[in-house]
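Chain by chain, the residues run as shown.
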Amino acid sequence: MKIGIIGAGLSGVVAARELARRGHTVELIEKSQSVGGRLATRRIGDGQADHGAVYFTVRGEELKREVQSWMSANWVRVWYADPYPRYMGTDGMNGLAKHLAEGLTVHLNERVENVQVEGDRTITIKTDVTIRSYDRVVMTAPLPQSFELLGSLVDQIEPALHRLVYAPTFVGLFECAGDVQIGIDGILDHDLTPGVLKVVNNRQKGISKTSLLSVYMEEGWSEEWYERPEEETLAEVERLFQEEVGDIDILSRQLKRWRYAQAKDVWHEPFYQVSYHPIYLAGDVFLESDDPSGRTRFESAYLSGLRVAEAIEKSMDRLGHS
Ligand SMILES: Cc1cc2nc3c(=O)[nH]c(=O)nc-3n(C[C@H](O)[C@H](O)[C@H](O)COP(=O)(O)OP(=O)(O)OC[C@H]3O[C@@H](n4cnc5c(N)ncnc54)[C@H](O)[C@@H]3O)c2cc1C
């Protein structure tokens, strides 16, 4: 039995680890040049900055146990606690994804274009590089991106799932001169200038040699500015950032635009099987039915990956495969 996983973000990597641990042949297909998806860290000059997930929190016992082992391996640590711990990748959030993907088969720089059911059970994935066949397929991209790949199979998906809406997010990355100080721990996230959601100093966070600041913009602001020219948007992010932190000497600036940063609504099952086909949708938007927070986040992506792997294992047990 061969399992293909589209997307090597957290949910895809967690599903792949779990299935590989149980002895299955697993391949991840990822359009980017690195694993991690929204666990994203960018190198700029001598420094680096997280520009996707800022940190993660832990509510459930499963992730709690896993995080203990990640801490022992020095992959993550507590950044700060107010009052509950905010965990960060010791070398950036993307570093954690890379550690988790160690030993897995990942086809990078390969964009999936189409997913089709051949005959009764075989799934064919056409990418911009080749054609691959699997017995089971897990799709972990944000839902609108997954739907685009499914062709007419998309009609077999519940309409409510089509109605889930994602919000964009702009993140400005500013390389600053000297030792800039942002709050006590390197983060400001309360009562900020309208439009600004968070300001993070990656040097104080402990992942950058230089004062690289990540400025996260609010959902509403990002929606409003989404179609504007990049230069104009970056200039406005910089203006609001300066208004927040005062006059800072900026050496370089970049803008990251996330089309699908976080879903506004969630699905209250940890994955979704496309009709009776061996195709599963997973990712952070799929929450456990008793999820206490009701929000998409690192932990929901982690649990979705785990649950879809368990379901696939179970479906194979029923067929008598190992
Ligand atoms: C700006 C921002 C800030 C955030 N802050 C936080 C935070 O502080 N705390 C927190 O808990 N969460 C935060 N999140 C959310 C968190 O990052 C996500 O919940 C989690 O990383 C999602 O993982 P995933 O595997 O579900 O999806 P993704 O990480 O999006 O993975 C999907 C993967 O699929 C790949 N892909 C898509 N289409 C194709 C294709 N056609 N072919 C091949 N590959 C494809 C993508 O490249 C990507 O790697 C933040 C997200 C963003 C964007």
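In what follows, the structure referred to is the one given above.
None of these values were measured; they are calculated from a predicted model.

Engineer: Please give an account of helix H8 (residues 230-245) that cites residues and values.
Structural biologist: Over its 16 residues, H8 runs 22 Å from end to end, which matches the ideal 22 Å to within 8%, given 1.5 Å per residue. Turning to H8, its buried residues number three or more, namely Thr233, Leu234, Glu236, Val237, Glu238, Leu240, Phe241 and Gln242. Packing partners of the buried residues in H8 comprise strand S12 (166-176), strand S14 (196-201), strand S15 (211-217), helix H7 (219-225) and strand S16 (250-263). Backbone geometry just after H8 places glycine 246 at a positive phi near 90°.

Engineer: Kindly report on the site of the ligand, identifying the contributing residues and their values.
Structural biologist: Lining the immediate environment of the ligand, one finds 35 residues, of which Ser11, Glu30, Arg38, Tyr55 and Asp284 sit closest. Between the ligand and serine 11 there is a distance of 2.7 Å, counted from an oxygen atom to a side-chain nitrogen or oxygen. Between valine 112 and the ligand, the recorded distance is 2.9 Å, taken from a backbone N or O atom to a nitrogen atom. For the ligand, the accessible surface in isolation is 1000 Å², of which the surrounding protein chains cover 94%. At the level of elements, helix H1 (10-21), helix H4 (143-149), S16 and helix H9 (298-319) are the ones that each hand at least two residues to the shell around the ligand. Ranked by residue count, the leading element in the shell around the ligand is S16, at three residues. In the shell around the ligand, the residues fall into 15 nonpolar, 13 polar and seven charged. Residue assignment places the shell around the ligand across two domains, with domain 1 (2-36 + 101-164 + 265-321) and domain 2 (41-93 + 165-263) each supplying three or more.

Engineer: I'd like a rundown of H1, residues and numbers included.
Structural biologist: With twelve residues, H1 should cover 16 Å at 1.5 Å per step; its first-to-last C-alpha distance of 16 Å lies within 8% of that length. Burial analysis of H1 places nine of its twelve residues in the buried class, the great majority of the element. Residues of H1 that are buried include every one of Leu10, Ser11, Gly12, Val13, Val14, Ala15, Ala16, Glu18 and Leu19, and no others. Of the residues flanking the end of H1, it is glycine 23, one or two places downstream, whose phi is positive at about 95°.

Engineer: So what's going on with the packing of aromatic side chains? Residues and values would help.
Structural biologist: Taken as a whole and judged by the stated rule, the model has 15 aromatic pairs. Aromatic side chains tyrosine 166 and tyrosine 260 sit 5.5 Å apart centroid to centroid with 80° between the ring planes, which places their arrangement in the edge-to-face category. In this pair, tyrosine 166 sits in strand S12 while tyrosine 260 sits in strand S16, placing the two residues 94 residues apart along the sequence. The exposure class assigned to tyrosine 260 is buried, which follows from its relative accessible area of 16%. A centroid spacing of 6.2 Å and a plane angle of 45° characterise the contact between phenylalanine 170 and tyrosine 226, whose relative ring orientation is tilted. Of this pair, phenylalanine 170 sits in strand S12 while tyrosine 226 sits in the loop between H7 and H8, and the two are 56 residues apart along the sequence. Tyrosine 226 sits in the buried class, given a relative accessible area of 11%. Chaining the aromatic ring pairs together yields one cluster made of Phe56, Trp70, Tyr87, Phe298 and Tyr302. The side chain of arginine 228 reaches across the aromatic face of tryptophan 225, ending 4.0 Å from its centre.

Engineer: Go over the nonpolar core with me, naming the residues and quoting the values.
Structural biologist: Counting residues in each nonpolar core, the largest one holds 38 residues, and the members touching the most others are Ile5, Phe56, Trp70 and Phe298. Where this core is concerned, the elements lending two or more residues are strand S1 (2-6), H1, strand S2 (25-29), helix H2 (61-72), helix H3 (93-100) and H9. With nine residues, the top contributor of residues to this core is H9. The contact partners of phenylalanine 56, leaving out residues within four places of it in the chain, are Leu63, Val67, Trp70, Val76, Pro85, Arg86, Tyr87, Met93, Leu96 and Phe298. Judged by nonpolar contacts, the second largest core, of 28 residues, contains Ile123, Ile125, Ala263 and Phe286.

Engineer: Explain the sheet that holds S14 residue by residue, including any values.
Structural biologist: What the five strands build is an open sheet, ordered S13-S14-S15-S12-S16; its pairing is antiparallel. At either margin of the open sheet sits one strand with a lone partner, and together these are strand S13 (187-188) and S16.

Engineer: Let's hear about the pattern of salt bridges: which residues, and what values?
Structural biologist: Enumeration over the complete set of coordinates arrives at 21 salt bridges. Arginine 38 serves as the salt-bridge partner of aspartate 284, at 3.0 Å between the closest nitrogen and oxygen. Separated by 246 residues along the polypeptide, aspartate 284 in the loop between strand S18 (279-281) and H9 and arginine 38 in the loop between S2 and strand S3 (41-44) bring together distant segments of the chain. Looking at aspartate 284, the relative accessible area reads 10%, which means it is buried.

Cut-off values and rules
Residues numbered from 1 in each chain as written. Predicted model: local features only at pLDDT ≥ 70, side-chain atom pairs only at ≥ 80, totals over all residues. Heavy atoms only, no water. Helix = DSSP H or I, 4+ residues; strand = E, 2+ residues; numbered from the N terminus. Expected span 1.5 Å × (residues − 1). Buried < 20%, exposed > 50% of the residue type's maximum accessible area, 1.4 Å probe, protein only. Contact = heavy atoms within 4.5 Å. Near = heavy atom within 4 Å. Polar contact = N/O pair within 3.5 Å; in protein donor to acceptor, adjacent residues only side chain to side chain. Areas by Shrake-Rupley, 256 points an atom, 1.4 Å probe, with all protein chains shown as cover. Nonpolar A, V, L, I, M, F, W, Y, C, P; charged D, E, K, R; others polar. Domains from an automatic or database assignment. Phe/Tyr/Trp six-rings, centres within 6.5 Å; stacked < 30°, edge-to-face > 60°. Lys NZ or Arg CZ within 6 Å of the ring centre and 35° of its normal. Core = buried A, V, L, I, M, F, W, Y, C linked by side-chain atoms within 4.5 Å. Pairing = 2+ DSSP bridges. Salt bridge = Lys/Arg side-chain N within 4 Å of Asp/Glu carboxyl O.

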